[in-house]
Protein chains: 2
Amino acid sequence: MERPRIRDYFQQDLSQNETITPKQRAILQASLDLFAEKGFDQTSTSDIAQRAGVAEGTVYRRYKTKAALRDAILAPITAHIVPILASDFSEDELRQRYPSLQAFVTAIFTDRVAFAKANVKELKVIFEMAAFDTERREQILSQIAPKMVKPMGSVINQLKADHLIVDWPNDLILQSLLSQLFGYLAQLMLELPGTEIEREQAYLITVMTKILTPGEHDQITGQ
Amino acid sequence: MERPRIRDYFQQDLSQNETITPKQRAILQASLDLFAEKGFDQTSTSDIAQRAGVAEGTVYRRYKTKAALRDAILAPITAHIVPILASDFSEDELRQRYPSLQAFVTAIFTDRVAFAKANVKELKVIFEMAAFDTERREQILSQIAPKMVKPMGSVINQLKADHLIVDWPNDLILQSLLSQLFGYLAQLMLELPGTEIEREQAYLITVMTKILTPGEHDQITGQ
DNA sequence: ATTAAGTGAGTGAGTATACACTCACTTTGA
DNA sequence: TCAAAGTGAGTGTATACTCACTCACTTAAT
């Protein structure tokens, strides 16, 4: 039930490239902070320079455009997001059955929630981008979807065979997982007052298990 | 179980003010469409004029600034959102007990989901604004919260007394309702592919009922 | 009835400003 | 001493907003 395998690159975040000057680090950090605070369009390059304690020209030394700067910020996360999402559903992991629904749900959420929590700002920037850039959104989804849908489908089918999970169509089950995750992300990103994120995190697994446990309330009644 | 009371002002939307010229209507409509498509900052006033088939000066005849134009678009929805959220929890409705958890959940979601569905574009604009304007976000929430929290608390306490609902703290129950709604809204607004919204709506009630039904999985396990 | 005066929505060229981006020059450090 | 990093004044452009003007239409006066 415990999965302490929180990936090391959570801390790494923006660094990874060894040959980076302190000023360039400051620029990346300032950009990330400002984009998350005010939004991409509402952040000017002079804002960034000022926050980073740097001349505006320095911003453009490494990154040709403002958009390129944003991409540079998101590069590490997009590089790691696919492995994170696909983790636990690799072929060899699949061979060992998930013994219980709880184990399955815990496996799904623990790492991913920790990842989200460690990258709230980045996620906010990604969401702002994806919200209005349809093409980009579809591109991101098309990368992620196949990594998740097929392997998780296998696990779900196993659980179904053992009557450990509710007998809904697989896509509905996936949708409910996604929906649940969205609700959590919204709370993280919007910093809704009165929300205790720690408790919310534990609650997520409890709730998701409850949703997927087979029972009598399972027929989906039309409106 | 049926609540056909979908409010009439769903259709009314932008009209309501009788003395409005066709061109001004066109401007409001074009603004709403463009803000929802491309985002507020990415929409120029000349874009709006062009889409509305109007000179740029005409946009500024009635609305002093671009932000005022956005506010004018959101005025009808913000005027109606509080009554919608508070509906079914007025004093006199409260006197008649909710006979079952299912009735409670259905009551909560039906109207609100219909409202959301009828105002996706407006909601998208509101969310864009709220995402980065902390002050505005808190202002909106401070208007909504008291209308929901207290009256729903009463209903929840009634249900608890009858052992019809899970024995969690009230704010956690509210949080789970909110979270569920967010997940749904995200799917609406992002137009995630492969999502059948109709089914999703029925599913929302089923799932929420299942979450709140008392059972053995209810202890919230910490990590 | 006809014309003059008035009204205000609509127009689009024009303005001021903010901002992304450049480049000739300076500083740093190996 | 040289190459790379950093600088900040400067430039072009996009765009929010203005304003003097048009014109269809209403009202008033003769």
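Residues numbered from 1 in each chain as written. Chains lettered and ligands numbered in written order. Predicted model: local features only at pLDDT ≥ 70, side-chain atom pairs only at ≥ 80, totals over all residues. Heavy atoms only, no water.

**Student:** Tell me about the interface of chain A and chain B, and name the residues and values.
**Tutor:** Taken together, the contact pairs 55 residues of chain A with 54 residues of chain B. Buried area between chain A and chain B, both sides added, is near 4500 Å², and the carbon and sulfur share of it is 57%. Counting every contact that joins chain A to chain B gives zero salt bridges. Here chain A is connected to chain B by ten residue pairs in polar contact (both at pLDDT 80 or more). Mapped onto the side of chain A that touches chain B, the elements with two or more residues apiece are helix H2 (22–38), helix H8 (120–132), helix H9 (134–161), helix H10 (170–190) and helix H11 (197–212) of chain A. For the side of chain A that touches chain B, the leading source of residues is H10 of chain A, giving 13 residues. Each residue belonging to the side of chain A that touches chain B can be placed in one class, and the counts come to 23 nonpolar, 18 polar and 14 charged. (Contact = heavy atoms within 4.5 Å. Buried area = accessible area lost by both parts, 1.4 Å probe. Salt bridge = Lys/Arg side-chain N within 4 Å of Asp/Glu carboxyl O. Polar contact = N/O pair within 3.5 Å; in protein donor to acceptor, adjacent residues only side chain to side chain. Helix = DSSP H or I, 4+ residues; strand = E, 2+ residues; numbered from the N terminus. Nonpolar A, V, L, I, M, F, W, Y, C, P; charged D, E, K, R; others polar.)

**Student:** Before we move on, could you go through the packing of H2 of chain A against H8 of chain A and cite the residues and values that matter?
**Tutor:** Residue and element names in this part refer to chain A. The geometry of H2 relative to H8 is characterised by a closest axis approach of 9 Å and an angle of 60° between their N-to-C directions. Classified by the angle their axes make, H2 and H8 are oblique. For the element pair H2 and H8, the recorded crossing hand is left-handed. Counting all contacts with H2, which are made through Gln 29, Leu 32, Asp 33, Phe 35 and Ala 36, the residues of H8 involved are Lys 121, Glu 122, Lys 124, Val 125 and Glu 128. Class assignment for the residues of the contact of H2 with H8 results in four nonpolar, one polar and five charged. (Axes fitted to C-alpha atoms, helices over the stretch in contact; angles between N-to-C directions. Parallel < 35°, antiparallel > 145°, perpendicular 65-115°, else oblique. Left-handed = near helix turned anticlockwise from the far one by under 90°.)

**Student:** Help me get a handle on the protein's contact with DNA strand C, residues and values and all.
**Tutor:** If you check the shell around DNA strand C, you find 15 residues, and the closest are Thr 45, Tyr 60 and Lys 66 of chain A together with Thr 58 and Arg 61 of chain B. Backbone atoms, meaning sugar and phosphate, form 58% of the atoms of DNA strand C found within 4 Å of the protein. Arg 61 of chain B is positioned with one of its side-chain polar atoms (N or O) 2.7 Å from a base nitrogen of DNA strand C. Of all the secondary structure elements, the ones that give two or more residues to the surface near DNA strand C are helix H4 (56–62) of chain A together with helix H2 (22–38) and helix H4 (56–62) of chain B. (Near = heavy atom within 4 Å.)

**Student:** I'd like a description of the packing of aromatic side chains, backed by residues and values.
**Tutor:** Scanning all chains against the criterion turns up six aromatic pairs over all chains. Ring geometry for Phe 127 of chain B and Phe 182 of chain B: centres 5.9 Å apart, planes at 70°, overall edge-to-face. Here Phe 127 of chain B, found in helix H8 (residues 120–132), pairs with Phe 182 of chain B, found in helix H10 (residues 170–190); they are 55 residues apart in sequence, far enough to count as distant. Overall, Phe 182 of chain B belongs to the buried group, its relative accessible area being 12%. The side chain of Lys 66 of chain A reaches across the aromatic face of Phe 40 of chain A, ending 4.5 Å from its centre. We note Arg 70 of chain B situated over the ring of Phe 40 of chain B; from NZ or CZ to the ring centre the distance is 4.2 Å. (Phe/Tyr/Trp six-rings, centres within 6.5 Å; stacked < 30°, edge-to-face > 60°. Buried < 20%, exposed > 50% of the residue type's maximum accessible area, 1.4 Å probe, protein only. Lys NZ or Arg CZ within 6 Å of the ring centre and 35° of its normal.)

Taken by themselves, the reported measurements are silent on function.
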